[in-house]
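Read off the chains here:
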Amino acid sequence: MTQQTWDEVGGLLPHDEFRAASEAIVANIEQVIEGKTATVRLALAVLLAEGHLLIEDVPGVGKTKLAKALARSIDCSVRRIQFTPDLLPSDVTGVSVYNQETHDFEFRPGAVFANLVVGDEINRASPKTQSALLECMEERQVTVDGVTYQLQTPFMVIATQNPIEMEGTYPLPEAQRDRFTARIAMGYPDVGAELAMLDGHGATDPLDQLRPVSDAATVRRLIATVRQVHVADAVKQYAIDLVTATREAPDLRLGASPRATLQLLRTARAVAALEGRDYVLPDDLQALAVPVLAHRIIPTADAQLARRTTDAIVSDLVHRLPLPNDRKRSPYDTRPAGGNGRGPYEPRRP
Amino acid sequence: MTRHRNLGLVAAGATLLAAAPLSAIFEHWTWLIESAIAVGVVAGAAALARALRAPLWGQVLGMLAGLTLALTWLFPAGSEILAVLPTPATFAHFSELLGGSVRDMRSYGVEVPDTPPLLFITVLGVGAVAVVVDLLTVGLRRPALAGLPMLAIYSVPVAVYVDNVPPVPFVIGAVGYLWLLGADNVDRVRRFGRRFTGDGRDVDVWEASPLAAAGRRLAVLGVAVAVLLPLVPVPGMNGSLLDSLSSGNGSGNGTGRPGQGGAPGKIDLFAALSGQLNESEVADLVKVTTNEPSPFYLRFGVADELKSSGFEVTNPTGRPVTRDLPNPTVRDVGGVERRQYEATVEVTRDLDMPLLPVYSEPIRTEDLNSSWLYDDDRQIVFSNRENSRGKRYSFDYVRSTYSPAALRAARKLPADHPLVRRQQTKTPPVPQVTELVNRLVQGKATEYDKVRAIYDYFSSDNGFSYQLRTEGGTSGEDIVDFLTNKVGFCQQYAAAMGWLVRAAGIPARVAFGFTSGSNRNGNTYTLTNRNLHAWTEVYFDGIGWVPFDATPAYGVPGSTRSTWAPDTDAPDPLPDQPGAPNTGTDPEESPGAVGSEREDQDTDAGLALGEETPTEQAPVWPWWAAGSLLLLLVLALPALRRLALRRRRGRRAPAAVAATEPDVGVGPAAGRRMVVVGADADQARADAHAVWDELLDTLVDYRVPVDRTETPRATADRLIGGVLSGHAESVDAMRLLGRAEERARYARDPLTGEPLAPALRAVRGTLAAAAGRRTRLLAAVLPPSVLQRWRLTVADASGRMVAVTGQARHRLLRWNPRRLLADRAAR
Ligand SMILES: Nc1ncnc2c1ncn2[C@@H]1O[C@H](COP(=O)(O)OP(=O)(O)O)[C@@H](O)[C@H]1O
Ligand SMILES: [Mg+2]
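Residues numbered from 1 in each chain as written. Chains lettered and ligands numbered in written order. Predicted model: local features only at pLDDT ≥ 70, side-chain atom pairs only at ≥ 80, totals over all residues. Heavy atoms only, no water.

## A word on the overall build of chain A
Assigned secondary structure in chain A consists of 15 helices and 13 strands. A fraction of 78% describes how many contacts in chain A between residues 6 or more apart in sequence connect residues 24 or more apart. For chain A, the exposed surface amounts to about 15400 Å²; the carbon and sulfur share of it is 52%. (Helix = DSSP H or I, 4+ residues; strand = E, 2+ residues; numbered from the N terminus. Contact = heavy atoms within 4.5 Å. Areas by Shrake-Rupley, 256 points an atom, 1.4 Å probe, with all protein chains shown as cover.)

## Considerations on the overall build of chain B
From N to C terminus, chain B includes 26 helices and 20 strands. For chain B, the proportion of its 827 residues judged to be buried stands at 49%. In chain B, of all internal contacts separated by at least 6 residues, the share reaching a separation of at least 24 is 73%. With the model as given, the accessible surface of chain B reaches about 39000 Å², and the carbon-plus-sulfur share is 59%. (Buried < 20%, exposed > 50% of the residue type's maximum accessible area, 1.4 Å probe, protein only.)

## Brief notes about the site of ligand 1
Residue and element names in this part refer to chain A. Every residue lining ligand 1 is accounted for by Val32, Ile33, Glu34, Pro59, Gly60, Val61, Gly62, Lys63, Thr64, Lys65, Met197 and His201. About the coverage of ligand 1: the protein hides 77% of its 560 Å² of free accessible area. Those elements giving two or more residues to the shell around ligand 1 turn out to be α3 (63-73) and α8 (191-201). Counted by class, the shell around ligand 1 contains five nonpolar, four polar and three charged residues. (Near = heavy atom within 4 Å. Nonpolar A, V, L, I, M, F, W, Y, C, P; charged D, E, K, R; others polar.)

## A look at the pattern of salt bridges
Using the criterion set out here, one finds 42 salt bridges over all chains in the structure. The salt bridge involving arginine 227 of chain A is made with glutamate 50 of chain A; its shortest N-O contact spans 2.6 Å. Taken together, the positions of arginine 227 of chain A in helix α10 (residues 216-227) and glutamate 50 of chain A in the loop between α2 (37-48) and β1 (53-56) put the pair 177 residues apart, joining distant regions of the chain. Residue classification places arginine 227 of chain A among the partly exposed positions, given a relative accessible area of 28%. Here aspartate 376 of chain B makes a salt bridge to arginine 319 of chain B, at a shortest N to O gap of 3.6 Å. You can see aspartate 376 of chain B sitting in the loop between β9 (372-375) and β10 (380-383) and its partner arginine 319 of chain B sitting in strand β5 (residues 319-320), a full 57 residues away along the chain. With relative accessibility at 42%, the residue aspartate 376 of chain B sits in the partly exposed group. With relative accessibility at 27%, the residue arginine 319 of chain B sits in the partly exposed group. Overlapping salt bridges bring together Arg642, Arg646, Arg649, Glu694, Asp697, Asp701, Arg764 and Arg789 of chain B as one network. (Salt bridge = Lys/Arg side-chain N within 4 Å of Asp/Glu carboxyl O.)

## Observations regarding the environment of leucine 695 of chain B
Residues and elements named next belong to chain B. Positionally, leucine 695 belongs in helix α20 (residues 678-701). With relative accessibility at 1%, the residue leucine 695 sits in the buried group. Among residues more than four places away in sequence, those in contact with leucine 695 are Met734, Leu737, Leu760 and Val763.

## Points about the sheet that holds β1 of chain A
Residues and elements named next belong to chain A. Reading across the sheet, the five strands line up as β3-β6-β9-β1-β10 and stay open at both edges, with parallel pairing between neighbours. Each edge of the open sheet is held by one strand with a lone partner, namely β3 (78-82) and β10 (182-184). Along the sheet, successive strands turn relative to each other by an average axial angle of 15°, direction set aside. For β1 and strand β9 (residues 156-161), the ladder comprises four bridges, and the chain directions are parallel. Bridge pairing links glutamate 56 to glutamine 161 in β9. (Pairing = 2+ DSSP bridges. Axes fitted to C-alpha atoms, helices over the stretch in contact; angles between N-to-C directions.)

## Some remarks on the layout of surface pockets
Over the atoms a probe the size of a water molecule is rolled, and this reveals where empty space is left. All names here are of chain A. The computed volume of the second largest pocket comes to approximately 1300 Å³. Lining the second largest pocket are 42 residues, with Glu56, Arg183, Ala294, Thr310 and Asp311 positioned closest to its centre. Within the residue set of the lining of the second largest pocket, elements represented by two or more residues are α2, β1, α7 (174-179), β10, α12 (258-274), α13 (282-293), β13 (298-299) and α15 (310-320). Counting residues per element, the lining of the second largest pocket draws most heavily on α13, at six residues. Two domains each donate at least three residues to the lining of the second largest pocket, and these are domain 1 (1-203 + 213-228) and domain 2 (229-322). (1 Å grid on protein atoms, 1.4 Å probe; cavity = no way out; pocket = protein on both sides within 12 Å on 5 of 7 lines; lining within 4 Å. Points joined across faces, edges and corners; volume = space filled by probe spheres on them. Domains from an automatic or database assignment.)

## Describing the packing of aromatic side chains
In the structure shown here, the tally under the stated rule is 31 aromatic pairs over all chains. Looking at arginine 277 of chain A, its charged tip hangs above the ring of tyrosine 279 of chain A, at a distance of 5.9 Å from the centre. One cation-aromatic arrangement involves arginine 509 of chain B over tryptophan 545 of chain B; the distance from NZ or CZ to the ring centre is 3.8 Å. (Phe/Tyr/Trp six-rings, centres within 6.5 Å; stacked < 30°, edge-to-face > 60°. Lys NZ or Arg CZ within 6 Å of the ring centre and 35° of its normal.)

## Describing the sheet that holds strand β16 (residues 524-528) of chain B
All names here are of chain B. Strand order across the open sheet formed by six strands is β8-β11-β6-β1-β16-β15, with antiparallel pairing between neighbours. Each edge of the sheet is formed by a strand with only one pairing partner; in this case those strands are β8 (362-366) and β15 (519-521). Put simply, the sheet's adjacent strands are angled 25° from each other on average, direction ignored. Relative to β16, β15 is paired through three bridges, and the arrangement is antiparallel. Following the sheet pairing, asparagine 521 is matched in β16 by threonine 524.

## A closer look at a nonpolar patch on the surface
All names here are of chain B. A cluster of nonpolar side chains, contributed by Leu630, Leu633, Val634, Leu637, Leu640, Leu643, Leu777, Val781, Leu782, Leu787 and Trp790, occupies part of the molecular surface with about 960 Å² of accessible area. Within the residue set of the nonpolar patch, elements represented by two or more residues are α18 (621-652), α24 (773-781) and α25 (784-813). Broken down by element, the nonpolar patch gets its largest block of residues, six residues, from α18. Judged by relative accessible area, leucine 643 falls into the partly exposed class, the value being 46%. (Patch = residues over 30% accessible without salt bridge, like charges linked within 9 Å, V, L, I, M, F, W, Y side chains within 5 Å.)

## Considerations on empty space enclosed by the protein
All names here are of chain B. Counted under the stated rule, the structure contains nine cavities of 30 Å³ or more. Taken as a whole, the largest cavity encloses approximately 230 Å³ of empty space. Mapped by element, the contributors of at least two residues to the lining of the largest cavity are β11 (392-402), β17 (532-540), β18 (544-548) and β19 (560-562). For the lining of the largest cavity, the element with the highest residue contribution is β11, accounting for five residues. Taken together, the residues that form the lining of the largest cavity break down as nine nonpolar, six polar and six charged.

## Examining the confidence of the model for chain A
Overall, the prediction assigns chain A a mean pLDDT of 84, with 89% of residues at 70 or greater. Here residues 327-350 of chain A is a poorly scored stretch, pLDDT under 50, and it has 54 contacts once near neighbours within four places are set aside; other chains count. (pLDDT = per-residue confidence, 0-100.)

## Side note on the environment of arginine 339 of chain B
Within the secondary structure, arginine 339 of chain B sits in strand β6 (residues 336-347). There is a polar contact of 3.1 Å between the side chain of arginine 339 of chain B and the side chain of glutamate 337 of chain B. (Polar contact = N/O pair within 3.5 Å; in protein donor to acceptor, adjacent residues only side chain to side chain.)

## What to know about the packing of helix α22 (residues 728-746) of chain B against helix α23 (residues 756-770) of chain B
Residue and element names in this part refer to chain B. At a minimum axis separation of 8 Å, α22 and α23 run at an interaxial angle of 125°. One way to sum up the angle between α22 and α23 is to call them oblique. Relative to α23, the crossing made by α22 is left-handed. Across the interface between the two elements, Glu729, Ser730, Ala733, Met734, Leu736, Leu737 and Ala740 from α22 touch Leu756, Ala759, Leu760, Ala762, Val763 and Thr766 from α23. (Parallel < 35°, antiparallel > 145°, perpendicular 65-115°, else oblique. Left-handed = near helix turned anticlockwise from the far one by under 90°.)

## Considerations on the confidence of the model for chain B
Residue and element names in this part refer to chain B. The predicted model of chain B averages 76 in pLDDT, with 75% of residues at 70 or higher. Confidence over residues 232-263 falls short of pLDDT 50; this stretch has 53 contacts with residues more than four positions distant or in other chains. Within the model, the stretch residues 655-678 combines pLDDT values under 50 with 41 contacts to residues more than four positions away or in other chains. We note a pTM of 0.52 for the whole complex and an ipTM of 0.81 for its interfaces.

## Topic: the packing of helix α13 (residues 431-441) of chain B against helix α15 (residues 476-485) of chain B
Residue and element names in this part refer to chain B. The N-to-C vectors of α13 and α15 enclose an angle of 50°; their axes lie 9 Å apart at closest approach. With respect to α15, the axis of α13 lies oblique. Two secondary-structure elements touch here, α13 through Gln432, Val433 and Leu436 and α15 through Ile479, Val480 and Leu483. Taken together, the residues that form the contact of α13 with α15 break down as five nonpolar, one polar and no charged.

## Description of the nonpolar core
Formed by 89 residues in total, the largest nonpolar core has its most connected members in Phe458, Leu483, Met497, Phe540 and Phe548 of chain B. Broken down by element, this core gets its largest block of residues, nine residues, from helix α16 (residues 490-503) of chain B. Sequence-distant contacts of phenylalanine 540 of chain B, defined by excluding residues within four places in its chain, comprise Leu407, Ala410, Glu447, Tyr448, Val451, Val546 and Phe548 of chain B. By size, the runner-up hydrophobic cluster in this structure holds 83 residues, among which are Val118, Val235, Ala303 and Leu321 of chain A. (Core = buried A, V, L, I, M, F, W, Y, C linked by side-chain atoms within 4.5 Å.)

See the structure below:
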């Protein structure tokens, strides 16, 4: 097994090659998942942002399908863990067993030792087992019996789960949720897509015919290229404004973490690159705010009683938050000077 | 609704406060009660209309209807239904009252009595202002504009008291305006809900918030400036507030007021005259209104006894003015034209003497009691008990104008004529005078020719000039001195001419009074101590006393000449003074009088000594022109600022730069390829920003909403989907502008080489076409973008000020003794 360290991501890709490689992956996945281009691109963006993806939706909308299609499009090591209530942490991370022949303990790697780990129905396992993912997802390493083992690059956990209201689920702990870069919902396909699905998937599963269009090395180069995408100061400021707003919002008990800020910018870089830009726009951040931030924050009891979803709260904040303008104070800025210039609670202009 | 009702009440209250300046006009307070009723009814009608959710025009109609009802009730014609519903007769009555008000305005001086026409026009005016203020404040939410109708009320006393504007009522009116602004501000803040402090305490609505305080402070500053500005004397505007204030101080000691106290016969009018003319302070003494177009001098005294020490006043005798006075029209003589006029005189408290100024010759008086007597020989009104201080009276008088031919026809007085017997020709012997008179009258056949010869002698051709600062004696020696030095002022000219005429055997005396002055407002002349004057009167047999003013006209503001005694210094014909306001000489109405009136001037020593030409007063109109120009400039300022901004931004964005648009690349190779010379990139960035700023300003100008939460891309998309949709060229242009700004802000390298200016022009054109005509006009004349920015700048500044003062207060509070003690106790 080739152990690649964190920063060895390979060379950069020129613009055209980047485009070709990324489009190929998206097109490949779209053979299986109908009418979900945005979701697919977002999933790829999370991969290129070196993040982990949580796909949350009701059963039967293609969550597992998307995870598998993504895994299968890239020629790299893929492991799948079906999270069940009786799954043990050692099944995830690995275990040291006593080798009778060598008279020594030997490490048996768990499911996480792969480039892509598909964790299906992650919230059906007990919190104890879920927690086994904490270290590997953030630090890309596994420590068993005092020995630390590095994971490979790329390393991505693609988890699926049902909404917590569904039966037989354990809600993910906050720490676990925070480690997922983005949570995306599949949503029902529209009429045309569903019709296409019926036509294409009626007889055979196209997933079986899916061939890899990329490999781990290419993905590493894609990741390296994404890291070079330019983020202007104003955009950084905007990202900070955004997470600060979640921390100050009266509807929220817990705001976004600094890790969220970091991952927001990384994902924005990936999205910008996928769109063929070498710079991030505030528009990217606005589009990513809900997928990247909404699953990390906790609304207050009042907001919960009012049935305000975190998605709604975050998109509300985005709509109220003025753009930072590092050039000069905007003439349309009606806030008193010298005050907290980032108060998000102004009514949006009609 | 409650909110609106409150604001409506404030509007009504502010209107009443703004009406305070009218108190300076009326004698009593009836106007206030009636105005309050009208304003109250208007406010009630407005509240009712709003409660019924009437549209704006409905509210206005309601208020007008309310005003009509109130007027009907207050000024009924007698035929009203239920006392408040007007009938055609009511409106006929109203128009009658309106006509009457014009007449009353002319006939009454301030302070006016409570005549129904004047009350009607006042209530109508205040009610109309209440309607407008309510409409602006509640209906249109533009309380700042409500200051204009309020100011209109204030302009009434300003127009009446030309140079002595009462400041206190203005302050009251201004307080009303501030109240209105403050209430509106509170109302605006309230619309967002209640205000809380951080710990949840309710904040009183009137407690200073940075929002409201800014407006209040601004308004206070504005009022302070408005009050202080008139105190600064502006050249060319005589009679500023400061003058009257300082003269008010000076009037306390009252030195040398003409004939202060005492009996009418015991006044040294000469001493009083020179004292007054030399007084450095100017005080209003008399205000006279007459329907005579160009009246000759207002007269109050006569010195008709000539001793070797000079002319002296003798004891007058007369009959009460309440009886009929002799009418000169009965002494009808050919060539003498007599016309009857009426005049009203108002004496200020600064003029205190037992004589009353009147035009000669009065035939009937009004508002004077029988303790005032008329001496029909001396033609003066005097009293042994009362004095003139603060008196206000009217009289009819007959003005005689004499043709030289008629005067020439007058014969020499017979020796038994009562005047000769009363020694009105008696002259102390002074050889030089006798010699001079003999020389002058030699060969003159008629009395008039003799008098004219003497009169003409005092011309600048003979070396006479005007100087106020000379010894004013009229004794024989003084007269000789004057005839030798030929420098003096009115009393020397008057006395010298009187002396010479008497020496020629013709009765003559010195009359005292006021010239018409230089402060004329319509038919009203405001006369000051500087307008006091003396002239000569000569008696012609069968005709009467005829005035001659020998004093050089340039030394006397408001000097008036006549056909029988023309201005000897003026070349023929009398040229118009360029620039000097012609105070309305109407030769058709007064064929005998030729007016030559001048501005008040400080007649100091150097002015006239040896100078032949009268000094020209700087004309006033340039000040008005400059003022109007300045006003226009101020109004044009936002538009000019906008133009300058656009020009500057246009210069930053040249139409096209020959450069290639760099590829949008992700790779580092592409990135390196795109690296352009720093200066160029900065320039391109600045250009894009300039164009974008201009676009935003254009949006604001054309009332397209601008959203601070929008990215350039989102703004472009919104416009493309909205106003610009369907204009292919503008859509492309907009997309380019959005991309350029986006790249300039967020990319490593800005977009270069794209023609941004034409794109902006295209978008601007489409926006302008989509905007309404009114919006376009406003965008050109008062661009909202500039106004908004200025307002924000001011708000920022005052916000900072509020913050600083708040901090200072906080720091001061730390030294509050109570707090210090509490601290110690805690320890
Ligand atoms: N948008 C879609 N495009 C293509 N197939 C879909 C789509 N949504 C659901 N399916 C089909 O529905 C079935 C259930 O999908 P699966 O991924 O197992 O659901 P779950 O969300 O429960 O994991 C699959 O056979 C998949 O092909
Ligand atoms: Mg599944």
